[in-house]
Amino acid sequence: MTLDLVIRGARVVSGSSVATCDIGVLGGRIATLGTGLTGDQVIDAAGLIAMPGGIDSHVHIAQPSGPGIEMADDFASATRAAACGGNTTVMPFCLPEGGQTLREAVAAYRAKANGQCLTDVSFHLIVTATDPVTLGQDLPALIAQGLTSFKVFMTYQGMRLSDAEILQVMDVARAHGALTMVHAENEDAIEFLRDKAERAGDIAPVHHARTRPIPVEREATHRATALAEITDVPVMIVHVSNGAALDEIRRARGRGVRVFAETCPQYITLTADDLDRAGFEGAKWVCSPPPRDTDEQVAIWAGLDQGAFDVFSSDHCPFRFADSAGKDAPGARAAFRNIPNGIPGVETRLPILFSEGVSKGRMSLTTFAALTATNHARIYGLEHKGAIAIGKDADIVLWDPRARRAITQAALHHGADYTPWEGFEVTGWPVRTILRGRTVMLDGAPVGPPEGRHIARACAAVTA
Ligand code: DUC
Ligand code: ZN
Ligand code: ZN
């Protein structure tokens, strides 16, 4: 057997083991692991760490975001940034807009992505309607086509579902074997606090964080897990930002509810003080749930240490600061209510966790691989992804664990015009990303052409 590619001499992170060996690739799949392998192409990876390519199961790309607000990334720029950050698969959302059906939305997102992507792509759905066609026809058909997970929102007028509606959606998930992801924040409480803040003239970006305090998320997290318990389905609580919400998840698990939990870089590195910068600058850190404080960072780290989190995603949701802070501000758009919620992070997720976790001795290489790739594949049903193992897609990222750098906007590849981590020092950086055996990033530069594929998924971890 002549191998197409041999990656020679890296420390290979495979399942629960780390060993120095060669990886042999044939036809885009991992064919063998061993020593002394030869092949048509050989990559000398001595001194590097080979990890499963990152899977970012929570990104927003080219998603409509309100009147006059464009997302900063299309599929070309987002997947370019993803590949440069060590990822081989991203999982964006299909959000129906302007009366579209879910099926029409999926077709539209696929069209936007076709031929543009440097990484593989597998879509989730966002369910914002519970009419009979959506629940009775579209959702079942799309699940059968491999879109086996969907997000529901408990917040945002126009997107939020009531508890009754969430129960209906979860019931469809149960009947057809899909996974429900929940954005857990109590909209009524936010609206109450936001109105009060506005009446007091408190419209600066920091009031975004102050009007979404921890109880808003804690209460909704409890409710989401209770709704999952009532319908007897697994649930993924996305972007958990604090210890009290995580405690609700622990308690639900204690009752036997199958609750998966996700956290993100912003909740271990940023705080609400970042939104409290001079003028309108704090808008660069507006995301939901908002970053909290250093005590909550400690609580999230404790969760990571204890295995309470299943996945670590970016929640990449990029906007251009210039669009908010441009000639219209300060004015109506300067009010925190009108700042689009979301920050860019698909390119910085892995370096931040590698540096803060692995390089600082808080996290093993195998836990890092689980949180950034393996668990995403297992939970969302990416059968051929997420591990360096024979038969899996040859999706591999090579890390230089000694590389030290400061994150800077100038060196990133996303469409946003800033990074919330400007100047953040990291140790460890991905130097080569390989998608199905082909290099898509080398030494920080994307390598074309964009040959990323749509990946349909088997049923998510609903039977696990
Ligand atoms: N929730 C997300 O998951 N992403 C961006 C905005 C939001 O509220
Ligand atoms: Zn959300
Ligand atoms: Zn999101």
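Below, the structure is looked at part by part. Because the structure is a prediction, the values reported are computed rather than measured. (Residues numbered from 1 in each chain as written. Chains lettered and ligands numbered in written order. Predicted model: local features only at pLDDT ≥ 70, side-chain atom pairs only at ≥ 80, totals over all residues. Heavy atoms only, no water.)

## What about the layout of surface pockets?
Of the pockets and cavities examined, the largest pocket occupies roughly 870 Å³. Lining the largest pocket are 40 residues, with S65, Y156, M159, P340 and N341 positioned closest to its centre. At the level of elements, strand 10 (149–153) and helix 5 (187–199) are the ones that each hand at least two residues to the lining of the largest pocket. No other element matches the 4 residues that helix 5 contributes to the lining of the largest pocket. (1 Å grid on protein atoms, 1.4 Å probe; cavity = no way out; pocket = protein on both sides within 12 Å on 5 of 7 lines; lining within 4 Å. Points joined across faces, edges and corners; volume = space filled by probe spheres on them. Helix = DSSP H or I, 4+ residues; strand = E, 2+ residues; numbered from the N terminus.)

## Focus on the coordination of the zinc ion (ligand 3)
At this site the zinc ion (ligand 3) is bound by H58 (NE2), H60 (NE2) and D315 (OD), with donor distances of 1.9 to 2.0 Å. For the zinc ion (ligand 3), all donor residues lie on one chain, and their spacing in sequence is H-x1-H-x254-D. Between the zinc ion (ligand 3) and the zinc ion (ligand 2), the interatomic distance is 4.1 Å. Overall, the relative accessible area of 0% leaves H58 in the buried class. (Donors = N, O, S within 2.8 Å, 3.2 Å for Na, K, Ca; no water. Buried < 20%, exposed > 50% of the residue type's maximum accessible area, 1.4 Å probe, protein only.)

## Regarding the packing of helix 3 (residues 132–144) against helix 4 (residues 163–176)
One way to put it is that helix 3 packs onto helix 4 with a least axis distance of 10 Å and a crossing angle of 45 degrees. Taken together, helix 3 and helix 4 sit at an angle that is classed as oblique. Crossing of helix 3 against helix 4: the hand is right-handed. Residue-level contacts link L135, L139, P140 and I143 of helix 3 to Q168, V169, V172 and H176 of helix 4. Class assignment for the residues of the contact of helix 3 with helix 4 results in 6 nonpolar, 2 polar and no charged. (Axes fitted to C-alpha atoms, helices over the stretch in contact; angles between N-to-C directions. Parallel < 35°, antiparallel > 145°, perpendicular 65-115°, else oblique. Left-handed = near helix turned anticlockwise from the far one by under 90°. Contact = heavy atoms within 4.5 Å. Nonpolar A, V, L, I, M, F, W, Y, C, P; charged D, E, K, R; others polar.)

## Some words on the environment of P351
Position of P351 among the secondary structure elements: in helix 12 (residues 349–359). Apart from the residues lying within four places of it in its own chain, the contact partners of P351 are G85, W399, V426, G428, W429 and P430.

## Let's talk about the site of ligand 1
In the vicinity of ligand 1, the contacting residues are H58, H60, K151, Y156, H183, H239, S288, D315, C317 and N341. For ligand 1, whose free accessible area comes to 230 Å², the fraction covered by protein is 95%. A molecule is said to occupy a pocket when more than half its atoms come within 2 Å of that pocket's grid points, and by this definition ligand 1 occupies the largest pocket. Here the residues of the shell around ligand 1 sort into 2 nonpolar, 6 polar and 2 charged. (Near = heavy atom within 4 Å. Areas by Shrake-Rupley, 256 points an atom, 1.4 Å probe, with all protein chains shown as cover. Sits in = over half its atoms within 2 Å of the grid points.)

## Details of helix 2 (residues 102–113)
The terminal C-alpha atoms of helix 2, which comprises 12 residues, lie 16 Å apart, in line with the 16 Å expected from a rise of 1.5 Å per residue. Within helix 2, the full set of buried residues consists of L102, A105, V106, Y109 and A113. Along the axis of helix 2, the buried positions cluster into a sector of 100 degrees, meaning they face one direction only. Those residues of helix 2 hidden inside the fold are in contact with helix 1 (75–84), strand 7 (87–94), strand 9 (124–126) and helix 3. Positive backbone phi, at 75 degrees, marks G115, one or two positions downstream of helix 2. (Expected span 1.5 Å × (residues − 1). Arc of directions from axis to C-beta.)

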